[in-house]
Amino acid sequence: MIDRVRGALLKGAMAAALAVALAVSAQPSARAEDPIKIGFGIALTGGLAAAGKAALVAIQIWAEETNASGGLLGRPVELIYYDDQTSPSTVPGIYTKLINIDDVDLVISGYGTNLIAPAMPIVMSHGYVFMGLFGLAVNERFDYPYYFQIMPAGPDPRADWSRGFFEIAAAQTPKPVTLAVTGADAEFPRQALIGVRQNAEEYGFEIVYERTYPTSTADFTPILRAINATNPDIVFVASYPPDSAGFVRAINEIGIKAKLFGGGMVGLQYSAFQSKLGSMMNGIVNYDFWVPEPTLDFPGVHEFLAKYQAVAADAGIDPLGHYLPPWAYSYVQVLGQAVEAVGSLDQTAIGEYIRANEFQTIVGPIKFGANGEWAETRMLMVQYQGIDDSGLEQFSGPGKRVVLYPEAWKSGEINYPYPGADN
Amino acid sequence: MLNAELLLNALASGLLLGGFYAAISLGMTIVFGQLDIVNIAHPAFIIVGSYAAYALNDSLGLDPLLAGLLFTPVFFAAGVVVYRVYHAAFEARGAEALRGLVFFFGLLFIIEVLITLTFGVDYRLVDAVYIGGALKLGPVGLPWRMVVPFLVALAMTLGLHLFFKHSFMGRAVMAVAQDPVALQLMGAKPVRIKQFAFGIAIATAALAGAMLIVIGPVEPSMGRLYIGRVFAIAVLAGMGSIPGTLVAAIILGVAESLTATFYGPSWAPAVAFGILLVTLAVRPAGLFGR
């Protein structure tokens, strides 16, 4: 009996020793094969899900390409992501789990200001480099040295965001004088409107109407009539997608008196809106980040878009993908280039490298400034021109979204005043 | 002069907006007001209606409102099924109060996920001949995309009012709303009548959804924006009154439009819900409540 027990103990001890030996011998090779884990929360449901899913596809394309060419530091890349449901309240929990439980090596942000800001305290407390995807002035209050934001707003993101609109307005003869401003009651429009006020003062415009509206607004004609009643020369709108469509339809239905209209209308960059609003968009001057104009034909961007467009239809996301996907690809592209250049996953070294160097990406050369925003603004102001109601195909090539600003990327001339003015 | 023109336009816009609000609230008036069922998922059914209209508009080029009308029998059948499940799982066991609410809350999310899986998460818009133009009546300009849904909403309200007032089944629904036990003693089956009423309520969502996507773009979770509004209108109307729903919706629409035009759009919901609170303080049963 005792022998049997002793025998069993001996066998057990041998098995344990073997297991430990195997584990120890396996460790070095396992480390080489261990993936580099990149963690993020992303909106797969809720109001920003359309953008979130498109961004995810772009990030996945980058990961596949990176793995196909040998990975990062010779290790494969693995994406670990959770649905933030477009709800800021889910974000702290997601990043805590990514860092403390999933043990990710790198973190990147979800899409949009509201979903980046709640992650900042957690990411900062763990000293991770944090790549931001389309956050507006998020780092202003945190002042974190290793936050880098890919949207080309510029060093003073709030003001630079709308600077192009005011540059264009101020260049017209006679120079317009009065300005109406409206935007949704939400974080992005609020931030954008602070910048608009700054610019209005700098460029000498008198604000004659300034009101925000709730995001549940169904009919925009009363707002537009109230704006028309103040007779503004130019109108700046900081709106979310449903509101943007509401405004575009309303200006075609009841007309506007302003000579320049648009500025910060989110949604008009999306294929679904372009194909249905069609000619109603003509004449509006609005921000964009990348459009297929000859001045913005950077290496790799068309190859990326071809890959994206091949999967977009099945994924039920923006079929052209001009607005966000190239940037979602680029923010991981920058991170990947920095990791390779540094040769390790040391967050401080990666962060310092990104701060100090220029990166060549599919959206062009990128250099970050002190606050983690682009060192110089490249916010485009485009004017919708010559659009008919034939659908989406016309937007895949140049000529429909003509770049007016910045001067270095300009691809055409403005039609001024707004063609529908005073109708 | 300018102010008078603005006022006229604001009133007209509010009237049209109210018609749309009535259309999205009629189903809630029936289910919540008459059947005492807190169907918090009703706006999600409206979004399904939007996507159904979008599907036919996009693939066959069918007018979205006509598509909505064609889908009403399908929605009616879906409503009957949902009520049967709800009744068997909760109502029959006397657990409808809190667990029933959880059931509909869950249903709301399930519907959203199903729409997302079927159509994706992108915004959807429709084409129709009346989108983009306006009806000019002197100084008043009314977008056709608001006028047409308003007319359909009026027809819906009138149709439902006549149905509940004059048809046998409609009167039976009203009887269930008043006293289900008494009806049972008379030999009628409240469950069958309630499932019929629930089906009618969900059928209205097909048309209301079509109106929603005519007015603006729709995405899967958009229904949540309307939960508060449809409940407010059902309560303001007087819990179960069809004409009351139209009146309450127009009051809210006009209040929102006037506030947006003359004061500031941000205050519009506060003013609308303020009216609800004041009305309930003065008339706790609502405008048309008994």
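Values in this document were obtained by computation on a predicted structure and should not be read as measured data. In this convention, every chain numbers its residues from 1, walking through the sequence in written order. Chain A is the first chain written and ligand 1 is the first ligand written, with later ones labelled in order. A pLDDT threshold of at least 70 governs which residues receive local features in this predicted model, and a stricter bar of 80 or more applies before side-chain atom pairs are shown or counted, although totals over entire chains, interfaces and linings include all residues. Only hydrogens and water are set aside when side-chain values are computed; all heavy atoms of the structure are taken into account.

S.K.: Describe the domain arrangement of chain A, with residues and values.
M.R.: Residues and elements named next belong to chain A. Each domain's extent was defined by an automatic or database domain assignment. Looking at the assigned domains, one finds that chain A contains domain 1 (34-152 + 297-367) and domain 2 (157-296 + 379-409). Taking only C-alpha atoms into account, the centre of domain 1 sits 28 Å from that of domain 2. Any two residues having at least one pair of non-hydrogen atoms within 4.5 Å are treated as being in contact. Listed by partner, the interface residues are 22 residues for domain 1 and 28 residues for domain 2. Summed over both partners, the accessible area lost on bringing two parts together, with a 1.4 Å probe, is the buried area. Between domain 1 and domain 2, the buried area comes to about 2,100 Å², and carbon and sulfur atoms account for 68% of it. Considering only the side of domain 1, the residues that lose the most area to domain 2 are Leu136, His322 and Tyr323, jointly responsible for 33% of the buried surface there. The working definition used for a salt bridge is a side-chain nitrogen of Lys or Arg within 4 Å of a carboxyl oxygen of Asp or Glu. Our enumeration of links across domain 1 and domain 2 arrives at 1 salt bridge. For the salt bridge of Arg158 with Glu140, the shortest nitrogen-to-oxygen distance reads 3.0 Å. A 3.5 Å cut-off defines polar contacts: any pair of N or O atoms within that distance qualifies, except that in protein one atom must be a possible hydrogen donor and the other a possible acceptor, and neighbouring residues in sequence count only when both atoms are side-chain atoms. Applying the counting criterion to the domain 1 and domain 2 interface returns 8 residue pairs in polar contact (both at pLDDT 80 or more). Secondary-structure elements contributing two or more residues to the side of domain 1 that touches domain 2 are helix 4 (113-116), helix 6 (139-142) and helix 12 (301-315). Labels follow the DSSP assignment, with helices taken as runs of H or I lasting at least four residues and strands as runs of E lasting at least two, numbered in each case from the N terminus. Tallying contributions element by element places helix 12 first for the side of domain 1 that touches domain 2, with 3 residues. Taken together, the residues that form the side of domain 1 that touches domain 2 break down as 13 nonpolar, 5 polar and 4 charged. Put simply, Ala, Val, Leu, Ile, Met, Phe, Trp, Tyr, Cys and Pro go in the nonpolar bin, Asp, Glu, Lys and Arg in the charged bin, and everything else, Gly too, in the polar bin.

S.K.: Provide a residue-level description of empty space enclosed by the protein, including the pertinent values.
M.R.: As defined here, a cavity is a set of points on a 1 Å grid over the protein atoms alone where a 1.4 Å probe fits but cannot get out. A pocket is an open set with protein on both sides within 12 Å along at least five of seven lines, and residues line them when an atom is within 4 Å of a point. Grid points are joined across faces, edges and corners, and a volume is the space filled by probe spheres set on the points. Taken as a whole and judged by the stated rule, the model has 3 cavities of 30 Å³ or more. Looking at the largest cavity, it is lined by 15 residues, and the ones nearest its centre are Thr217 and Asp219 of chain A together with Glu256, Ala260 and Ala268 of chain B. Mapped by element, the contributors of at least two residues to the lining of the largest cavity are helix 9 (221-229) of chain A together with helix 1 (2-34), helix 10 (242-262) and helix 11 (268-282) of chain B. Top element by residues in the lining of the largest cavity is helix 10 of chain B. It accounts for 3 residues. Here the residues of the lining of the largest cavity sort into 10 nonpolar, 2 polar and 3 charged. Estimated volume of the second largest cavity: approximately 100 Å³. Surrounding the second largest cavity, Ala50, Ala51, Ala54, Tyr111, Tyr270, Asp318, Gly321, His322, Tyr323, Leu324 and Pro325 of chain A together with Asp122 of chain B form its lining. Of all the elements, helix 2 (residues 49-68) of chain A adds the most residues to the lining of the second largest cavity, at 3 residues. Looking at the lining of the second largest cavity residue by residue, the classes come out as 8 nonpolar, 2 polar and 2 charged.

S.K.: Any details on the packing of helix 9 of chain A against helix 10 (residues 241-253) of chain A? Residues and values, ideally.
M.R.: All names here are of chain A. Between N-to-C directions, angles cover 0 to 180 degrees, with each direction set by a line fitted to C-alpha atoms, over the stretch in contact for helices. Closest axis-to-axis distance for the helix 9/helix 10 pair is 9 Å, and the angle between their directions is 60°. Comparing the axis directions of helix 9 and helix 10 gives the class oblique. The two elements helix 9 and helix 10 cross, and the hand of that crossing is right-handed. Residue-level contacts link Thr221, Ile223 and Leu224 of helix 9 to Phe247, Ala250, Ile251 and Glu253 of helix 10. Our angle categories are set so that under 35 degrees counts as roughly parallel, over 145 as roughly antiparallel, 65 to 115 as roughly perpendicular, and the remainder as oblique. For any helix crossing, the convention is left-handed if the near helix is rotated counterclockwise from the far helix by under a right angle, and right-handed if that rotation is clockwise.

S.K.: An account of the interface of chain A and chain B is requested, with residue identities and associated values reported.
M.R.: On the chain B side, the residues contacting the 40 residues of chain A number 45 residues. The largest share of the area that chain A buries against chain B comes from Arg249, Glu253 and Lys276 of chain A, three residues that together contribute 21% of it. Our count for the chain A to chain B interface comes out at 3 salt bridges. The shortest N-O distance in the salt bridge between Lys276 of chain A and Asp127 of chain B comes to 3.3 Å. Taken together, the connections running from chain A to chain B amount to 11 residue pairs in polar contact (both at pLDDT 80 or more). Mapped by element, the contributors of at least two residues to the side of chain A that touches chain B are helix 2, strand 7 (206-213), helix 9, helix 10 and helix 11 (271-277) of chain A.

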